[in-house]
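Remarks on the overall topology
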Amino acid sequence: MAKALYAEAHAALGLESCMALMDLQAFFDSMDLAKLFSASINRAYALRILLLAFSSFLSPRVLKADGWIAAPVFPGRSITAGETSGVEMARTLLYDTLAWLHQRYPLVNAQQWIDDLVLYLAGTTLHITRVLPSAVAGLSRRFNSLGLYFASKSRIVASSRELAALVRNLLGRRGVIVQDAPVSSDLGLDQRGGRAGPQPKAATRRKAAARRTASIFRLNATRPVARLLVRTGPCAAEAYALKATGASYAQIAEMRRVQAKTIVQVRPLMCLTSMYAAATKHVKEDPLLGAPWAFLEEWLRLWYSDGYMRVLVRSAWPRVLERVRAQDPKVRWRLSTGSLSGVIITLLERGWDPRSPDLWLAPDVAATEWRFGEFDAAGPVIDLEPFLLAFS
């Protein structure tokens, strides 16, 4: 959510941005165990856990088939994919390389999730083309010395196709082969460089959710069982993306219809709002209230956790608000460029007046002010529950 928000806010301020979505190829299988052990020792990793984990990593592998047993193979690479201690140790191997990147290129926003790395930079075209290709190429060389390589599915996404192509060509000259794309998926979310347009990953997730929902209803399970399967399966998958981008009324209506079928036998002209109020324990269980609740909760938690984001959003908010107000309400979600415009649309649709990111006026008689810029010595003054209840 944060990376897409940066790109959207920088685009609103008239700046170019570029995001390198880099994936390490066969990350767990390519790990050099000797280098991993040395890096873990240097980073003071707990020795007992380290020795127990490596006794598993270094144990011989044996193939057995049709009564035949192959000779044991003693590995020098590869750790167990997804194994908790292995993931933590992998960070020790990457630590020096990422520390070098942060020190050498302080303006590049670099984040790492196991085998996924995102390098983001905003500014002018000249600034981006001078800095970002050099940073990615330097990172590639250092990873290569560890036996790690960027996968071919790595992508460049920028605020314009021309900038993405230019960065791709500059990286090619430095020996880093990547592709540019108008949109790419990162951690299950579509990244478009702050531009409006289709979201293929979200569309694929919705289609998959529809197929899984149909399969669940074909099971003829009892309603409590079907409800649990739908909430933890299709609805959870779709809600993951909606928490980062916001949900239109059409998307919410579809989620309500699906969930309602798992609670009662839906009949023509049935009032789903009354049904949810009577059959559920909390307002969040109704997607009409729960979807925007989850989105604004995610937004406010990010707002209070990222000081740079607050400065950036305060600058971009008036421009995005003016643009959204000028749009036809029927097409606002289609023209949404990310979570920033999503928050504004969500509030406007429900009668709120989002004057600034710090000040939202409720649509009640007193026009209650909700302020989100207060901090004390211990950190942000944050109590989301009263606001979210008032919003609902």
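Numbering of residues starts from 1 in every chain and runs along the sequence as written. Local features in this predicted model are restricted to residues whose pLDDT is 70 or higher, and side-chain atom pairs enter the listing and the counts only when it is 80 or higher, whereas totals over whole chains, interfaces and linings include all residues. Computation of side-chain values: all heavy atoms of the structure, hydrogens and water removed.

Counting its secondary structure elements, the protein contains 15 helices and 14 strands. Accessible area is worked out with a 1.4 Å probe on protein chains only. A residue is then buried under 20% of its type maximum, exposed over 50%, and partly exposed in between. For the protein, buried positions account for 47% of its 392 residues. Contact criterion: two residues are considered in contact whenever any of their non-hydrogen atoms come within 4.5 Å of each other. In the protein, of all internal contacts separated by at least 6 residues, the share reaching a separation of at least 24 is 65%. The accessible surface values rely on the Shrake-Rupley method and a 1.4 Å probe; as for residues, cover is taken only from the protein chains in view. Accessible area for the protein stands at about 20000 Å²; split by element, carbon and sulfur atoms hold 56% of it. The secondary structure listing takes helices from DSSP runs of H or I that are at least 4 residues long and strands from runs of E that are at least 2 residues long, numbered from the N terminus.

Helical periodicity: at 3.6 residues per turn, an α-helix aligns residues three or four positions apart in one direction. Listed as buried for helix α3 (residues 47–57) are L50, A53, F54 and F57. The arc enclosing the buried residues of α3, seen along the axis, measures out at 100°, which places them on a common side. Turned more than 90 degrees from where α3 packs its buried face, R48, L51 and L52 sit exposed. Picture the helix axis, draw a direction to every C-beta atom, and the arc is the one those directions span.

A word on the pairing of strand β10 (residues 353–356). Pairing between strands is defined by DSSP: at least two bridges between them are needed. Where β10 lies against strand β11 (residues 359–361), three bridges are found, and the strand directions are antiparallel. Residue pairing across strands places P354 opposite W360, the latter belonging to β11. Between β10 and the antiparallel strand that follows it, β11, lie two residues.

So, on to the packing of aromatic side chains. Ring geometry is summarised as follows: Phe, Tyr and Trp rings, the Trp one being its six-membered ring, pair when their centres sit within 6.5 Å, and such pairs are stacked at plane angles under 30 degrees, edge-to-face over 60 and tilted between the two. In total, this model carries six aromatic pairs according to the counting rule given. With a centroid separation of 5.9 Å and an interplanar angle of 80°, the aromatic rings of W100 and Y105 are classed as edge-to-face. Aromatic pair W299 and W317: ring centres 6.4 Å apart, planes at 50°, arrangement tilted. Residue W299 is found in helix α12 (residues 287–305), and its partner W317 is found in helix α13 (residues 307–326); the two are separated by 18 residues along the sequence. The exposure classification of W299 matches that of W317, with both residues buried. Each member of the aromatic cluster is reached from another via a ring pair, and the members are Y6, Y120 and Y308. Positioned above the aromatic ring of Y105, the side-chain terminus of R104 is 4.8 Å from the ring centre. Sitting over a ring, as applied to charges here, requires NZ of Lys or CZ of Arg to be within 6 Å of the ring centre and within 35 degrees of the ring normal.

Let us now look at the confidence of the model for the protein. Chain-level statistics for the protein give a pLDDT mean of 80 and a share of 83% at 70 or above. pLDDT expresses how confident the predictor is about each individual residue, on a scale running from 0 to 100. Under a pLDDT of 50 for its full length, residues 376–381 has, in the predicted model, seven contacts with residues more than four places off or in other chains.

A few words on the sheet that holds strand β12 (residues 369–371). Strand order in the open sheet formed by three strands is β10-β11-β12, with antiparallel pairing between adjacent strands. Edge positions in the open sheet fall to β10 and β12, since each of these has one partner strand only. This sheet shows a mean twist of 20° between the axes of neighbouring strands, independent of strand direction. Axis lines are fitted to C-alpha atoms, over the contacting stretch for helices. Their N-to-C directions set the angle, which ranges from 0 to 180 degrees.

Examined against the element boundaries, Q327 turns out to sit in the loop between α13 and α14 (339–349). The class for Q327 is buried, based on a relative accessible area of 14%. Not counting the four nearest positions on each side in its chain, Q327 is found in contact with R332 and L335.

Below, the discussion takes up the sheet that holds strand β1 (residues 16–23). Taken together, five strands build an open sheet; the order of strands is β4-β5-β1-β6-β7 and the sheet is mixed. Across the chains shown, the open sheet's two edge strands, defined by having one partner strand only, are β4 (109–113) and β7 (179–180). Bridge analysis of β1 against strand β5 (residues 116–123) gives eight bridges, and the strand direction is antiparallel. Opposite L21, over in β5, you have V118 as the bridge partner.

Another point: the environment of P182. For P182, the location among the structural elements is in the loop between β7 and β8 (184–186). Along the primary structure P182 and I156 are separated by 26 residues, whereas in three dimensions their C-alpha atoms are 8.5 Å apart. Every residue in contact with P182, bar those within four places of it in the chain, is listed here: V157, R161, Q191, R192 and R195.

This next bit is on the packing of helix α2 (residues 33–42) against α3. It is the contact of α2 with α3, at a shortest axis distance of 11 Å, that shows an interaxial angle of 175°. As judged from the angle between their axes, α2 and α3 are roughly antiparallel. Touching L33, L36, F37, S40 and I41 of α2 are L47, L50, L51, F54 and F57, all from α3. Charged residues are taken to be Asp, Glu, Lys and Arg, nonpolar residues to be Ala, Val, Leu, Ile, Met, Phe, Trp, Tyr, Cys and Pro, and polar residues to be all remaining types, Gly included. Across the contact of α2 with α3, the residue classes break down as nine nonpolar, one polar and no charged. The cut-offs work like this: below 35 degrees is roughly parallel, past 145 is roughly antiparallel, 65 to 115 is roughly perpendicular, and the gaps in between are oblique.

Within soluble globular proteins, side chains that are nonpolar generally end up buried alongside one another. Ranked by size, the top nonpolar core spans 48 residues in total, and within it L117, L119, V136, F143 and F150 carry the most contacts. Secondary-structure elements contributing two or more residues to this core are β1, α2, α3, α4 (84–104), β5, α5 (125–145), β6 (155–158) and α6 (161–173). By residue number, the principal contributor to this core is α5, which donates eight residues. Residue contacts for V136: discarding those within four places in its chain leaves A20, M22, L119, F150, L171 and V176. In this description, a nonpolar core means a group of buried Ala, Val, Leu, Ile, Met, Phe, Trp, Tyr and Cys residues linked to one another through side-chain atoms lying within 4.5 Å. Within the second largest apolar cluster, 42 residues are counted, among which are V118, A244, M309 and W352.

To continue, consider unusual backbone geometry. One non-glycine residue, A26, adopts positive backbone phi at about 45°. For A26, the position within the fold is in the loop between β1 and α2. Backbone geometry at A44 places phi at a positive 55°, although glycine is not the residue there. Positionally, A44 belongs in the loop between α2 and α3.

This part covers the pattern of salt bridges. The term salt bridge refers to a pairing of a side-chain nitrogen on Lys or Arg with a carboxyl oxygen on Asp or Glu at a separation within 4 Å. If you walk through the whole model with that rule in mind, you get nine salt bridges. Where D353 meets R325, a salt bridge forms, and the shortest distance between an N and an O atom there is 3.0 Å. Linking D353 in strand β10 with R325 in helix α13, this pair joins segments that are 28 residues apart in sequence. The class of R325 is partly exposed, set by a relative accessible area of 43%. Where R350 meets E349, a salt bridge forms, and the shortest distance between an N and an O atom there is 3.4 Å. When its relative accessible area of 18% is taken as the criterion, R350 is described as buried. Note on E349: relative accessible area 26%, which makes it partly exposed. It is possible to trace a salt-bridge network through shared partners that takes in R161, R168 and D180.

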